[in-house]
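What the coordinates show
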Amino acid sequence: MAGDKGYRAEWIDEGLLAMEITPVIPSKTNEDRTERRVEFDKQKYRERNIVERLIGWLKECRRVFSRFEKTALNFGGMIKMAFIERYLRLSA
């Protein structure tokens, strides 16, 4: 599980490790990085950026962000339409 420095706490690391999930959370600047039980994987943390940008882009689509569609089927359709619109805009 990847998260930013706001999610950095020892109890979060312990809980994730108990569930056999590797935390990918950078250490805070005032924290001793050598005392952590988990090694920070910088490459996996960079991959988190892909998801962050996707969510940020979807928030630009007002109809998806505001969730005008009440049913899950219609909402899923609007997400697909947003992807199609984005693809057509990038390929033109």
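Residues numbered from 1 in each chain as written. Predicted model: local features only at pLDDT ≥ 70, side-chain atom pairs only at ≥ 80, totals over all residues. Heavy atoms only, no water.

Quick word on the environment of Phe75
Locating Phe75 in the fold gives a position in helix 4 (residues 72-91). The exposure class of Phe75 is buried, given its relative accessible area of 17%. C-alpha of Phe75 to C-alpha of Val64: the two residues are eleven residues apart in sequence and 7.2 Å apart in space. Excluding anything up to four places from it in sequence, Phe75 contacts Val64, Arg67 and Glu69. (Helix = DSSP H or I, 4+ residues; strand = E, 2+ residues; numbered from the N terminus. Buried < 20%, exposed > 50% of the residue type's maximum accessible area, 1.4 Å probe, protein only. Contact = heavy atoms within 4.5 Å.)

Remarks on the side chain of Glu69
Mapping Glu69 onto the fold places it in the loop between helix 3 (62-65) and helix 4. When its relative accessible area of 13% is taken as the criterion, Glu69 is described as buried. Not counting residues within four places of it along the chain, the set of residues in contact with Glu69 comprises Arg63, Asn74, Phe75 and Met78.

Remarks on the packing of aromatic side chains
The tally for this structure, following the rule as stated, stands at two aromatic pairs. An angle of 40° between the planes, with centres 5.4 Å apart, marks the rings of Trp57 and Phe83 as tilted. One end of the pair, Trp57, is in helix 2 (residues 42-60); the other, Phe83, is in helix 4, with 26 residues separating them in the sequence. Taking the relative accessible area as the measure of exposure, Trp57 reaches 11% and is therefore buried. For Phe83, a relative accessible area of 39% translates into the label partly exposed. Lying over the aromatic face of Phe75, Arg67 brings its terminal NZ or CZ to 4.0 Å of the ring centre. (Phe/Tyr/Trp six-rings, centres within 6.5 Å; stacked < 30°, edge-to-face > 60°. Lys NZ or Arg CZ within 6 Å of the ring centre and 35° of its normal.)

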